[in-house]
Amino acid sequence: MRTKLQHIAAAAIAAMAVAAAPAQAAGTAAKTQYPIVLVHGFIGFDNILGVVNYFYQIPGALRNEGATVYIASVNPSQTTEWRGEELNRQLDSWKAKDGVKKFNLIGHSHGGPTVRYAAGTRNDIVSVSSISGTHHGSKVADEILANTTPDGGFDKLATGGLQLIGWLTGNGTYKNADLKIALKALTHEDSERFNNEFPAGRTAEFENGQYFHSYAGNVVKTNGWDISDLLLAYTGKYYGTEANDGLVSPAEATWGKPIDLALPWNHLDEINQVLGTIGKGAPDPKAYYVNIANRLKGKGL
């Protein structure tokens, strides 16, 4: 039998062996040649008070698999062009600070057209991926804007709430947040105007030296414990029997090469919200974003 001293010695040797062992190598599945930039949608943010990320736990999952990730902070409710110009300034800042040459952009919801604006006004964007991007507008925006009383109480209250979100996230243009301006940008009519100005990738995977991929969820209620499902079930009714994720339909989200437009997620599941509450049996959003990055990696991007 071992003496107490032998046990102590054995434990010390084991501890030294653990300390001397090389750290487990990080994954490389998401190690793209160029950094990935995540761009939030309408009423979105990069993070709230540095605590909760819009893309919940997704940046960490990408970084754990080798990706360099930047998280954009653009106005939560403004025109696509306004948000796109904000994104451009941040891209320029990262280039100057870190010596970045090119970028892969991933946008959710209104972030989809926003990243297309950047792609259409720069020569350093190699790919544009969108998750339920509002490329062809949103029927929900059409209906809400049409029924919002000009200068009414709801309009002012909602705009105040959007400005508060911008302030909490530290966005420098939060005072310019405006509900009606954002809703107009998300309508079918204004989206078509924008698409005519920035048509690259409408039906092509590769155009102007850039790749365009689209993804979308098509389920509204996914988890009974997620209170946000109730809101999305309400807004999803605007689509009648048409598949949608509560705010956007797959048809509205299609741009470039459709990779998967039938993901079993609603609009918040697509960004792993609320706090990772998704439907039973649905793919893990964190792992799925790693797959998105891996697809870009496979193209040398």
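Residues numbered from 1 in each chain as written. Predicted model: local features only at pLDDT ≥ 70, side-chain atom pairs only at ≥ 80, totals over all residues. Heavy atoms only, no water.

Asker: Outline unusual backbone geometry, listing residues and values.
Answerer: A cis geometry characterises the amide bond from Gln-273 onward to Val-274, with omega recorded as 5 degrees. Tracing the backbone through its elements, the reader meets Val-274 in the loop between β9 (257-263) and α11 (285-298). The backbone of Ser-109 shows a phi angle near 60 degrees, a positive value even though the residue is not glycine. By the secondary structure assignment, Ser-109 is in the loop between β5 (103-108) and α4 (111-121). Owing to a relative accessible area of 7%, Ser-109 belongs among the buried residues under this scheme. Here the phi dihedral of Ser-132 falls at roughly 45 degrees; this positive angle occurs in a residue that is not glycine. Inspection of the secondary structure assignment puts Ser-132 in the loop between β6 (125-131) and α5 (139-146). Assessed through its relative accessible area of 1%, Ser-132 is described here as buried. (Helix = DSSP H or I, 4+ residues; strand = E, 2+ residues; numbered from the N terminus. Buried < 20%, exposed > 50% of the residue type's maximum accessible area, 1.4 Å probe, protein only.)

Asker: Tell me about the side chain of Gln-210, and name the residues and values.
Answerer: Within the secondary structure, Gln-210 sits in strand β8 (residues 210-217). A distance of 2.9 Å separates the side chain of Gln-210 from the backbone oxygen of Ala-119, its partner in a polar contact. Discounting chain neighbours no more than four positions away, the residues touching Gln-210 are Ala-119, Arg-122, Ile-125, Val-126 and Glu-205. (Polar contact = N/O pair within 3.5 Å; in protein donor to acceptor, adjacent residues only side chain to side chain. Contact = heavy atoms within 4.5 Å.)

Asker: Residues and numbers for the side chain of Thr-32, please.
Answerer: Tracing the chain through its elements places Thr-32 in the loop between α1 (4-20) and β1 (36-39). Among the polar contacts listed, one links the side chain of Thr-32 to the backbone oxygen of Tyr-34, at a separation of 2.6 Å. In this structure, Thr-32 is in contact with Asn-104, Ala-293, Leu-296, Lys-297 and Leu-301, ignoring residues within four places of it in sequence.

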